[in-house]
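Reading the structure
One-letter residues, chain by chain:
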Amino acid sequence: ILFVQDLPCGRHSCMRQCHHGDCDQCLQMALKRCRCGRKEKSVPCSSEFLCEAKCSRMRQCGRHQCKRKCCDESCPSCEQVCGRPLGCRNHKCAAPCHGGRCYPCVQTVVVTCNCGATELTVPCGREKATKPPKCRELCKNPSACHHPKRKPHNCHFGPCPPCHYPCNKPLPCGHLCSAPC
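All values reported here derive from a predicted model rather than from experimental measurement.

Further remarks concern the overall build of the protein. Along its length, the protein carries zero helices and four strands. For the protein, the α and β elements follow one another from N to C terminus as β-β-β-β. In terms of C-alpha radius of gyration, the protein reaches 40 Å, well past the compact-globule figure of 16 Å for 181 residues. Here the C-alpha coordinates of the protein stretch approximately 135 × 35 × 25 Å along the principal axes. The proportion of buried residues among the 181 residues of the protein is 25%. The contacts of the protein with a sequence gap of at least 6 include a subset with a gap of at least 24, amounting to 13%.

On to the environment of Lys169, then. Following the sequence through the fold, Lys169 ends up in the segment after β4 (119-123). Those residues in contact with Lys169, other than ones at most four positions away along the chain, are His146, His175, Leu176 and Cys177.

To continue, consider the state of the cysteines. Inspection of every chain in the model, using the stated rule, returns zero disulfides. Free of any disulfide, Cys66 has its nearest cysteine sulfur in Cys75, 3.6 Å distant.

What follows deals with the side chain of His156. Residue placement: His156 occurs in the segment after β4. A polar contact of 3.3 Å, which involves the side chain of His156, links it to the side chain of His153.

When their charged atoms lie close together, side chains carrying opposite charge are able to pair. Under the definition given, this model contains four salt bridges. One salt bridge in this structure joins Glu40 and Arg33, with 3.4 Å as the shortest N-O distance. Glu40 sits in the partly exposed class, given a relative accessible area of 47%. The class for Arg33 is partly exposed, based on a relative accessible area of 48%. Across the pair Lys69 and Glu52 runs a salt bridge whose closest N-O atoms are separated by 2.9 Å.

Scoring rules and cut-offs
- Residues numbered from 1 in each chain as written.
- Predicted model: local features only at pLDDT ≥ 70, side-chain atom pairs only at ≥ 80, totals over all residues.
- Heavy atoms only, no water.
- Helix = DSSP H or I, 4+ residues; strand = E, 2+ residues; numbered from the N terminus.
- Rg over C-alpha atoms; globule rule 2.2 N^0.38 Å.
- Buried < 20%, exposed > 50% of the residue type's maximum accessible area, 1.4 Å probe, protein only.
- Contact = heavy atoms within 4.5 Å.
- Disulfide = S-S within 2.5 Å.
- Polar contact = N/O pair within 3.5 Å; in protein donor to acceptor, adjacent residues only side chain to side chain.
- Salt bridge = Lys/Arg side-chain N within 4 Å of Asp/Glu carboxyl O.

Here you go:
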């Protein structure tokens with residue numbers, strides 16, 4: 001006795017004798033069009049036919065192609081990392097690929113005075129345009145002349161101010177030099 005019941009495909013009937021449980025998948029061959037609609041092929045009725053054609057449509061980001069095999073033009077969103085340089089020019093965008101502008105860099109940079117005692121935190125990319133913070137510490141640079149100490153002055157960038165102490169080096173005539181160092 002044949003068990004006459006429609007298979008899940010809805011087009012063919014079960015060919016097995018009367019049985020318990022669900023019917024098997026439909027194995028009758030059917031001419032099917034692929035998901036993208038470009039090709040046709042005879043495959044088992046229960047199988048989906050996917051061709052090898054790669055989708056050339058652009059994804060939502062507008063920068064990358066879909067490249068999915070046998071795409072029905074409902075391309076998935078881009079899964080690549082954006083990777084474009086951020087406004088700071090020090091880092092790249094780590095967000096999933098997107099259209100439009102990237103968010104600003106979230107990193108910060110510490111700008112210090114010359115001796116490192118005073119610091120200022122600024123957004124990444126602004127460190128070169130930011131003046132170093134004023135420091136109240138005394139300059140620790142060694143004297144550039146023969147004097148063991150220089151006149152006390154605050155921490156700074158660049159060369160120290162010239163020495164204002166008298167030179168006091170012996171001159172060829174035997175006198176001491178009275179000019180500023």
